[in-house]
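Here's the letter readout for the chains.
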Amino acid sequence: MQQIIPESLSSNSPVLQTSVRKLGINPNHWYVVARSEEVKNKPLAVTIWQQAIALYRDHTGKVHALEDRCPHRQVKLSHGQVINNELECAYHGWRFDSEGKCAEVPYLAANQKLPTCKIRHYPVKEQDGFIWLFPGDKEPSVEPLGVPEWEHLNYIATVSVIHTQAHYSYLIENLMDMYHGHLHQDLQAWAEASLQNIDEDENSVHAHYTAQSYYKIDKIWSISQLFFPALRRLHPEPLDVSYVYPHWVSTLGKDFKIYCLLCPVNETETKAYLIHFTSLNAFWRLHKLPVWFRRFIKDSLFGAARKLLDGLVVQDVKMIEEEQQAYLHNSQIRNYELNRALVSVQKLMKIQVEGSNANDFYS
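1. Concerning the overall build of the protein chain
Part 1 of the argument: For the protein chain, the count of helices and strands is five helices and 19 strands.
Part 2 of the argument: Partitioning the contacts of the protein chain with sequence separation of at least 6, the portion at a separation of at least 24 is 63%.
Part 3 of the argument: Summing over all exposed atoms, the protein chain offers an accessible surface of approximately 17700 Å²; the carbon and sulfur share of this is 52%.

Have a look at this one:
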């Protein structure tokens, strides 16, 4: 991939916010709308870019997604229940199959036919511990990003939910900008980040930094660094962050990998799942133990970094929401951006949503 640096970007280049902060999403991608464990025998209401959706499981455990609207009186189907693999409206008991067709009306007279009304159903996949949904109108031509570490026995996971009253672009820019470690102080995992280069194409932006990492997980006792800051020692590590539209992925050395799986709700609200993985790859003796024991260790340590991750999220969300409010107060104010990775990210968002030529963004 070729590095692209806009000619107009200088040390104090103003970045016009207006068009980016009002962008919708490219619906022809898979978005994460829930964790697998959240979808049980009762319908779950979720929203992806102003589209209200009801998720539910049938008797086989398969997840389905329907428009969260009963066409009879327009109330939410997520208030109802699942009966015989069909989603039943709580108001009058109308039932809808997984394709969104009306399957039963309990008080239908003998001389009446079932209504021909139909609601939208969405492609949905359960993969790597999450529910992935495709909100586009056409058949999916891409696969979900995937989180292979979720089931891998060498990775310990922690999940934190981000729910911010801000446009998704603010969250992505925050995640791509490693200079903001100044905000996190004792919670940060890195210091002295320095952007080295950027690779980008029409689907992704990869920013490569060097940094000083606070953690080195090379001995079994070194995992305690996650809990005791006094044990941490700075050492150089590569820090790579990627916006693989519409999600984000980061690696810090060989020990840590983080995903942020997005679910933009609307123009001023974003939900996302932040997944932190600590690698146990350095412990070769551990890999020789029985699978059941390794599974026990993985499950027992799930959420070990929760305090750290939640603390980072709280600090980031505060800043992101202040940015959103500043924009709403005066959308004509320009940001003076020094990190060229963020300019690349804004360009990618616009290309994905509008399908425009990259040069149009800077004209």
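On we go.
2. Describing the pattern of salt bridges
Part 1 of the argument: All told, the structure shown has 15 salt bridges when counted by the stated rule.
Part 2 of the argument: One salt bridge connects Glu149 with Lys257, and the closest N-O pair in it is separated by 3.2 Å. Of this pair, Glu149 sits in the loop between strand 11 (130-133) and strand 12 (155-164) while Lys257 is found in strand 17 (residues 256-266), placing the two residues 108 residues apart along the sequence.
Part 3 of the argument: The exposure class assigned to Glu149 is buried, which follows from its relative accessible area of 7%.
Part 4 of the argument: The salt bridge partner of Lys350 is Glu354, with a shortest N-O separation of 3.0 Å. One end of the pair is Lys350 and the other is Glu354, both in helix 5 (residues 340-354) and four residues apart, which spans about a single turn.
Part 5 of the argument: Several salt bridges share partner residues, and in doing so they unite Glu88, Arg95 and Glu104 into one network.

3. Considering the packing of aromatic side chains
Two numbers describe a pair of aromatic rings. These are the distance of the centres and the angle of the planes.
Part 1 of the argument: Throughout the structure, instances matching the rule amount to eleven aromatic pairs.
Part 2 of the argument: Relative to Tyr273, the ring of Phe130 lies with its centre 5.6 Å away and its plane at 70°, an arrangement referred to as edge-to-face. Highlighted residues: Phe130 in strand 11 and Tyr273 in strand 18 (residues 269-279), separated in sequence by 143 residues. Like Phe130, the residue Tyr273 is buried in the burial classification.
Part 3 of the argument: With 6.3 Å between their ring centres and 90° between their planes, Tyr155 and Phe277 make a pair best called edge-to-face. Residue Tyr155 is found in strand 12, and its partner Phe277 is found in strand 18; the two are separated by 122 residues along the sequence. An identical accessibility class is assigned to Tyr155 and Phe277; each is buried.
Part 4 of the argument: Put simply, the rings of Phe130, Trp150, Tyr273 and Phe302 pair up and form one aromatic cluster.
Part 5 of the argument: Note that Arg21 overlies the ring of Tyr170, its terminal NZ or CZ placed 4.0 Å from the centroid.

4. Things to note about the nonpolar core
Part 1 of the argument: Residues Leu55, Tyr168, Met176, Tyr209, Tyr243 and Cys260 are the most contacted members of the largest nonpolar core, which totals 72 residues.
Part 2 of the argument: When near neighbours in sequence (up to four residues on either side) are disregarded, Met176 contacts Val205, Ala207, Tyr209, Val241, Ser242, Tyr243, Trp248, Asn339, Leu342 and Val345.
Part 3 of the argument: Among the nonpolar cores identified, the runner-up in size contains 13 residues, and Cys70, Val82, Trp94 and Ile119 belong to it.

5. Focus on the sheet that holds strand 4 (residues 51-57)
Part 1 of the argument: Strand order across the open sheet formed by three strands is 3-4-5, with antiparallel pairing between neighbours. The open sheet is flanked by strand 3 (44-48) and strand 5 (63-67), the only strands paired with a single partner. Taking the axes of each pair of neighbouring strands and ignoring which way they run, one obtains an average angle of 35° across the sheet.
Part 2 of the argument: Relative to strand 4, strand 3 is paired through five bridges, and the arrangement is antiparallel. Looking at strand 4, one finds that Leu44 is bridged to Leu55.

6. A closer look at the pairing of strand 2 (residues 31-35)
Taken residue by residue, a regular strand's side chains alternate between the two faces of the sheet.
Part 1 of the argument: Within strand 2, five of the five residues are buried, which leaves it mostly tucked inside the rest of the structure.
Part 2 of the argument: As paired strands, strand 2 and strand 11 are joined by four bridges and run antiparallel to one another. Residue Val32 lies in a different strand from strand 11, and its bridge partner there is Trp132.

7. What to know about the side chain of His276
Part 1 of the argument: Looking at the secondary structure, you find His276 in strand 18.
Part 2 of the argument: Residue class for His276 comes out buried when judged on its relative accessible area of 6%.

About the thresholds
- Residues numbered from 1 in each chain as written.
- Predicted model: local features only at pLDDT ≥ 70, side-chain atom pairs only at ≥ 80, totals over all residues.
- Heavy atoms only, no water.
- Helix = DSSP H or I, 4+ residues; strand = E, 2+ residues; numbered from the N terminus.
- Contact = heavy atoms within 4.5 Å.
- Areas by Shrake-Rupley, 256 points an atom, 1.4 Å probe, with all protein chains shown as cover.
- Salt bridge = Lys/Arg side-chain N within 4 Å of Asp/Glu carboxyl O.
- Buried < 20%, exposed > 50% of the residue type's maximum accessible area, 1.4 Å probe, protein only.
- Phe/Tyr/Trp six-rings, centres within 6.5 Å; stacked < 30°, edge-to-face > 60°.
- Lys NZ or Arg CZ within 6 Å of the ring centre and 35° of its normal.
- Core = buried A, V, L, I, M, F, W, Y, C linked by side-chain atoms within 4.5 Å.
- Pairing = 2+ DSSP bridges.
- Axes fitted to C-alpha atoms, helices over the stretch in contact; angles between N-to-C directions.

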